[in-house]
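Each chain is listed here by its residues.
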Amino acid sequence: MDEAEVIAAMREWIDKAVIGLNLCPFAKAVYVKNQVRFVVSTARHLDGLLEDLDRELDFLAAADPEAVDTTLLIHPTLLPDFLDFNDFMQLAEAAIDEHGLDGVIQIASFHPRFQFEGTAPDDLGNYTNRAPYPTLHLLREASIARAVAAFPEAETIYQRNIETLQNLGLAGWQALWRKP
C-alpha cells in the first residue's frame, strides 16, 4: 500500500470525521498549523512496529511542540484484528514507561474495527475511534492539559460524540465516505 494513499485516507478521516463532526474539539488547531506528524510504518512484525514506536516516542519527546505537537503512527496492514490490536496496546503503553515518558506522552488508539468494552460491534459509539487503519496517536500530556483547561466541560466530549454519531446514523456515517 502506498504511503501517500494511507496518509490521504487519514487526512480525509480527520477532515470529515474528527474535525468535520467535531469529534475532537482540540484537533483543528494543531491540524491547520501542520503540527500533526503522519508516520506510516511498514514493519513486517510486531517487534518492528514497536521499534517504530520507540523512534516516534523519542522524536516527539525531543521535538519542539510548535513544530510537531502530536504524531499518528499508522500501520495499514499489521493488526487487522481489533482484539490483537487492543492486546498490542499494552505493549505500546509499556513503551511509554520504558522511555521515561509517563506523564509526558500518552497514546490514544484508533482502528477500523474499534469496539469499546461492553458494546456490540455495530454500536455507533464505536465509530468515534474508527480510523481507516490501525493507528497509535501519540499525544503530549501538556497539550492535552492546555486544551482541556480551555474547553468547558471537556469530560462531556465522549458522550457528545456518541450522540453526534447516533444522530448521524450509520447511513450518514457511510455517506461521509462516498465519492461524488
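Heads up: these notes are all about the structure in this document. Throughout this description, residue numbers start from 1 for each chain and increase along the sequence as written. Residue-level local features of this predicted model are given only where pLDDT is at least 70; pairs of side-chain atoms are given and counted only at 80 or more, and the full residue set underlies all totals for whole chains, interfaces and linings. Calculation of side-chain values draws on the structure's entire complement of heavy atoms; hydrogens and water are dropped beforehand.

## Points about the environment of isoleucine 14
Using the following cut-off: The helix and strand labels rest on DSSP assignments: H or I over at least four residues marks a helix, E over at least two residues marks a strand, and numbering proceeds from the N terminus. Any two residues having at least one pair of non-hydrogen atoms within 4.5 Å are treated as being in contact.
Checked against the element boundaries, isoleucine 14 lands in helix H1 (residues 3–19). Setting aside chain neighbours within four positions, we find isoleucine 14 in contact with Ile19, Gly20, Tyr31, Phe38 and Leu72.

## Some points on unusual backbone geometry
The phi torsion at asparagine 22 lies on the positive side, around 60°, for a residue other than glycine. Examined against the element boundaries, asparagine 22 turns out to sit in the loop between H1 and helix H2 (27–32). Of note, the phi angle at asparagine 34 is positive, near 55°, even though the residue is not glycine. Examined against the element boundaries, asparagine 34 turns out to sit in the loop between H2 and strand E1 (36–40).

## Points about the sheet that holds strand E2 (residues 70–74)
Strand pairing in a sheet is mediated by backbone hydrogen bonds. Such pairs are either parallel or antiparallel. How we decide: A pair of strands is considered paired only if DSSP assigns at least 2 bridges between the two. Under this scheme, a helix contributes an axis fitted over its contacting stretch, all axes are lines through C-alpha atoms, and angles between N-to-C directions fall in the 0 to 180 degree range.
One open sheet holds the four strands; their spatial order is E1-E2-E4-E3, and the pairing between them is mixed. Two strands close off the open sheet at either side, each with one partner strand: E1 and strand E3 (105–110). Direction aside, the axes of adjacent strands within the sheet are offset by 20° on average. Of the strand pairs in this sheet, E3 and strand E4 (residues 135–140) are connected by six bridges, and their pairing is antiparallel.

## Here we look at helix H6 (residues 157–176)
This is how the line gets drawn: Working rule for helices: expected span equals 1.5 Å times residues minus one. A residue's bend is simply the angle between two axes: one fitted to the seven residues ending at it, one to the seven starting at it. Each residue is placed in one exposure class: buried if its accessible area under a 1.4 Å probe, protein chains only, is under 20% of its type's maximum, exposed if it is over 50%, and partly exposed if it falls in between.
A rise of 1.5 Å per residue sets the reference length of H6, with its 20 residues, at 28 Å; its end C-alpha atoms lie only 21 Å apart and thus fall more than 12% short of the reference. At glycine 169, H6 shows its strongest bend, of approximately 90°. Every buried residue of H6 is accounted for by Ile157, Asn161, Ile162, Leu165, Gly169, Gly172 and Trp173. Turning to H6, the residues buried within the fold contact H1.

## Description of the pairing of E2
Our working rule: Every crossover in which the path from the first strand over the helix to the second runs clockwise, viewed with the strands pointing away from the viewer, is termed right-handed.
With five of five residues buried, E2 lies mostly within the body of the structure. Burial along E2 is two-sided: Thr70, Leu72 and Ile74 and Thr71 and Leu73, pointing in opposite directions, are all buried. Bridging between E1 and E2 involves five bridges; their strand directions are parallel. Its bridge partner being in E2, valine 39 is matched across the sheet by leucine 73. Note that the unit made of E1, helix H3 (residues 46–62) and E2 has a crossover that is right-handed. As judged from the five bridges shared by E2 and E4, these two strands associate in the antiparallel manner. Counterpart to threonine 71 in the pairing with E4 is leucine 138.

Geometric values such as these leave the question of function open.
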